[in-house]
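Examination of the molecular architecture
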Amino acid sequence: MLSHFNEFYRGKTVLVTGHTGFKGSWLCIWLKELGARVIGIGLEPLTERDNFILSGIGGKIDADIRADIRDAEKLKELFRLYRPEIVFHLAAQPLVRLSYEIPVQTYEVNVMGTIHVMEAIRSVDSVRAALMITTDKCYENKEQLTGYKENDPMGGYDPYSSSKGSCEIAIQSWRRSFFNPGEYGVRHHMCLASARAGNVVGGGDWAKDRIIPDCIRSVEAGRPIELRSPQAIRPWQHVLEALSGYLLLVKKMWESPREYSGGWNFGPTTATVATVLDITSKLVSELGTGTITDVSGAGEVFHEARLLQLDITKARTELGWSPRLTLDETISLVADWYKRYKEEDVYRICVEQITCFGRL
Ligand SMILES: NC(=O)c1ccc[n+]([C@@H]2O[C@H](COP(=O)([O-])OP(=O)(O)OC[C@H]3O[C@@H](n4cnc5c(N)ncnc54)[C@H](O)[C@@H]3O)[C@@H](O)[C@H]2O)c1
C-alpha cells in the first residue's frame, strides 16, 4: 500500500485540517512517509499523550499551523500562502456526548467550518481534489439491519450527527453550485468528495467517551473498565483502514475528476461488527491486564444510536478498496501501540504499523 501510493503523493502539497487530532496525526505521518509536502491546520492538541505530540509529527511536516476554521478570512489567507493542491478536511468537534453540551459550537465548527474550508478552496486556483470527512452518523438512522448506502437520506438525532448530516448537504450544494463535475475544465478544476467512516480505533486516541481511550485510561489507573452499553453493536475499524480509503479516493479523484466526486462509505465488513463487550474483552486479553464491569443503567442517559452499518459496495466496486484487517488484527494493532508508547519512539511505531498494514 505504501509503495502503491508512493509516486502519487510525492512532492504534492497536501493540506490537512485537524492534523493535531487522532486521525489527522496518523494521516500526516502516512503522507509524510509518502513524500508529500504537508500543511497542517488545527487547534492545540488536547493532551500531552496525543499521537500528534508523542510522534513529533508537528516538527516533521512542512507547516504546523494553529488556526480556527471558524475564522473564514484566516483560512483564505493560509490557502493563498500555501496554495495546496489537495485538501483533507478532518477538523471537527467529533464527539456525540460533548455535542449535547455545546450544540451551537458543534454546528459552528462542523457546519460553518466546513463551509469556510470550501470557500477557502474556492478562493485559490491551486486545489484539484478535496475530501471532506464526515461520518456514518450523517445518515438518518433507522436502526435498520442493512447497511446505509451513499444515496440514503441525511439526518442525525443528536447535534453532532445532525451537524455532519448538515455538512453533507452543504458539501452537495457546493459541489452542484461551484464544483459541478459536468463543468469540470470549463468553470473549475476541482473534484469535491466526502467520506463517511464509522468508529475508528487506533493508537494515540485519548478522546473522552470513546471506548478504547476509556479502556486504556481505566487500565492505566488500575480501575475496572465500566461499560455503559456492553451489548451495543458497533462497526469497528482501524484508523488505517479508513485512511487508506481516503488516500486511494483522492488519488482516483485527481486522476479522473469527473468520476469520483460524491459521497463514499468506508466501513468495515460485517465480520468486524461486534459488541462493545466483545471489543473490550479482546483488548483486555491483548493488553494482558484489566477487568470489565457492566454499568448499564447507571448515570445520565443520552440518546445513542444502537446500530449503524455502512454498505461499502460502492468503494469496493468503483475504487477497488476493501478492509484488510480482521477484528483480532485490528485490536492487536491498537493494543500494540498502547503497550509500547511509553518506552519507544512513537513515530517509528506508527510507521511500522502503516508498513505492516501496507503489506497485507
Ligand atoms: N474517530 C472516529 O471514530 C471518527 C468516526 C467518524 C468520523 N470521524 C471524523 O473524523 C474527523 C477526525 O476525527 P478525530 O477522531 O481525529 O477527532 P479529534 O478530536 O482527535 O481531532 C479533531 C481535530 O480537529 C481540530 N479542530 C477542532 N475544532 C477546530 C477548529 N475550530 N478549528 C480548527 N481545528 C479544529 C482539532 O484541533 C483536531 O486537530 C472528524 O471530522 C470526525 O468527525 C471520526
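Given the structure is predicted, the values throughout are model-derived calculations rather than measurements. (Residues numbered from 1 in each chain as written. Predicted model: local features only at pLDDT ≥ 70, side-chain atom pairs only at ≥ 80, totals over all residues.)

**Quick word on the overall build of the chain**
On a plain count of helices and strands, the chain comes out with 14 helices and 13 strands. Its C-alpha radius of gyration of 19 Å places the chain within 12% of the 21 Å reference for a compact globule of 360 residues. With respect to the principal axes defined by its C-alpha atoms, the chain has extents near 60 × 45 × 40 Å. Taking all contacts inside the chain whose residues are at least 6 apart in sequence as the whole, residues at least 24 apart take part in 81%. (Helix = DSSP H or I, 4+ residues; strand = E, 2+ residues; numbered from the N terminus. Rg over C-alpha atoms; globule rule 2.2 N^0.38 Å. Contact = placed C-beta atoms within 7 Å.)

**A short note on helix H2 (residues 22-33)**
The terminal C-alpha atoms of H2, which comprises 12 residues, lie 17 Å apart, in line with the 16 Å expected from a rise of 1.5 Å per residue. Burial analysis of H2 places 11 of its 12 residues in the buried class, which makes it a mostly covered element. Every buried residue of H2 is accounted for by Phe22, Lys23, Gly24, Ser25, Trp26, Leu27, Cys28, Ile29, Trp30, Leu31 and Lys32. Positive backbone phi, at 90 degrees, marks Gly35, one or two positions downstream of H2. (Expected span 1.5 Å × (residues − 1). Buried ≥ 20, exposed ≤ 12 C-beta atoms within 10 Å, placed from the backbone.)

**Quick word on the environment of Trp30**
Inspection of the secondary structure assignment puts Trp30 in helix H2. On the neighbour-count criterion, Trp30 (26 C-beta atoms within 10 Å) is buried. When the C-alpha positions of Trp30 and Leu247 are compared, they lie 9.4 Å apart, and in sequence the two are 217 residues distant. Once residues within four sequence positions are removed from consideration, Trp30 is found in contact with Leu243, Leu247 and Ile354.

**Focus: the sheet that holds strand S5 (residues 129-133)**
Neighbouring strands of a sheet are bound in pairs by backbone hydrogen bonds; such pairs are parallel or else antiparallel. Read from one edge to the other, the open sheet built from seven strands follows the order S3-S2-S1-S4-S5-S6-S11, with strand pairing classed as parallel. Only two strands of the sheet have a single neighbouring strand rather than two, namely strand S3 (63-66) and strand S11 (262-266). Recorded for the sheet is a direction-independent mean angle of 20 degrees between the axes of neighbouring strands. Here helix H8 (residues 159-177) sits on the sheet in contact with S5, strand S6 (191-197) and S11, set at roughly 160 degrees to S6. (Pairing = 2+ DSSP bridges. Axes fitted to C-alpha atoms, helices over the stretch in contact; angles between N-to-C directions.)

**As for the site of the ligand**
Around the ligand there are 25 residues in total, and Gly18, Gly21, Gly42, Leu43 and Ala92 lie nearest to it. For the shell around the ligand, the elements supplying multiple residues, two or more each, are H2 and helix H7 (103-122). Per element, the largest residue contribution to the shell around the ligand is three residues, and it comes from H2. Considering only residue class, the shell around the ligand consists of 12 nonpolar, 10 polar and three charged. (Near = placed C-beta within 6 Å. Nonpolar A, V, L, I, M, F, W, Y, C, P; charged D, E, K, R; others polar.)

**Digging into the pairing of S11**
For S11, the tally of buried residues reaches four of five residues, placing the bulk of the element in the interior. Looking at chain direction, S6 and S11 are connected through five bridges and run parallel. Bridge pairing links Ala193 to Gly262 in S11.

**Regarding the nonpolar core**
Across soluble globular proteins, you tend to see nonpolar side chains buried next to one another. Among the nonpolar cores identified, the biggest contains 96 residues, and Leu131 and Leu249 are the most heavily contacted of them. Filtering out sequence-adjacent residues up to four positions away, Leu249 remains in contact with Leu131, Ala193, Ala195, Tyr260, Trp264 and Leu319. (Core = buried A, V, L, I, M, F, W, Y, C linked by C-beta atoms within 7 Å.)

**A few points about the environment of Gly42**
On the secondary structure map, Gly42 appears in strand S2 (residues 37-42). The exposure class assigned to Gly42 is buried, which follows from the 24 C-beta atoms found within 10 Å. Linking Gly42 and Leu247, residues 205 residues apart in sequence, is a C-alpha distance of 20 Å. Discounting residues that sit within four places of it in the chain, Gly42 has contacts with Thr17, Gly18, His19, Thr20, Gly21, Gly24, Arg66 and Ala91.

**What to know about the packing of helix H11 (residues 276-287) against helix H13 (residues 327-340)**
In the contact formed by H11 and H13, the axes pass within 9 Å of each other and the chain directions differ by 50 degrees. Of the possible angle classes, the one that applies to H11 and H13 is oblique. The way H11 lies across H13 gives a crossing that is right-handed. Residue-level contacts link Ile279, Lys282, Leu283, Glu286 and Leu287 of H11 to Asp328, Ile331, Ser332, Val334, Ala335, Tyr338 and Lys339 of H13. (Parallel < 35°, antiparallel > 145°, perpendicular 65-115°, else oblique. Left-handed = near helix turned anticlockwise from the far one by under 90°.)

**Section: the packing of helix H9 (residues 211-221) against H11**
Any two packed helices are characterised by the angle at which their axes cross and by the distance between the axes. Two numbers describe how H9 lies on H11: the axes approach to 11 Å, and their chain directions differ by 45 degrees. Classed by the angle they form, the pair H9 and H11 counts as oblique. Judged by the twist between their axes, the crossing of H9 over H11 is right-handed. Contacts from Ile211, Ile212, Cys215 and Val219 of H9 reach H11 at Val276, Ile279, Thr280, Leu283 and Leu287. Tallied by class, residues from the contact of H9 with H11 come to eight nonpolar, one polar and no charged.

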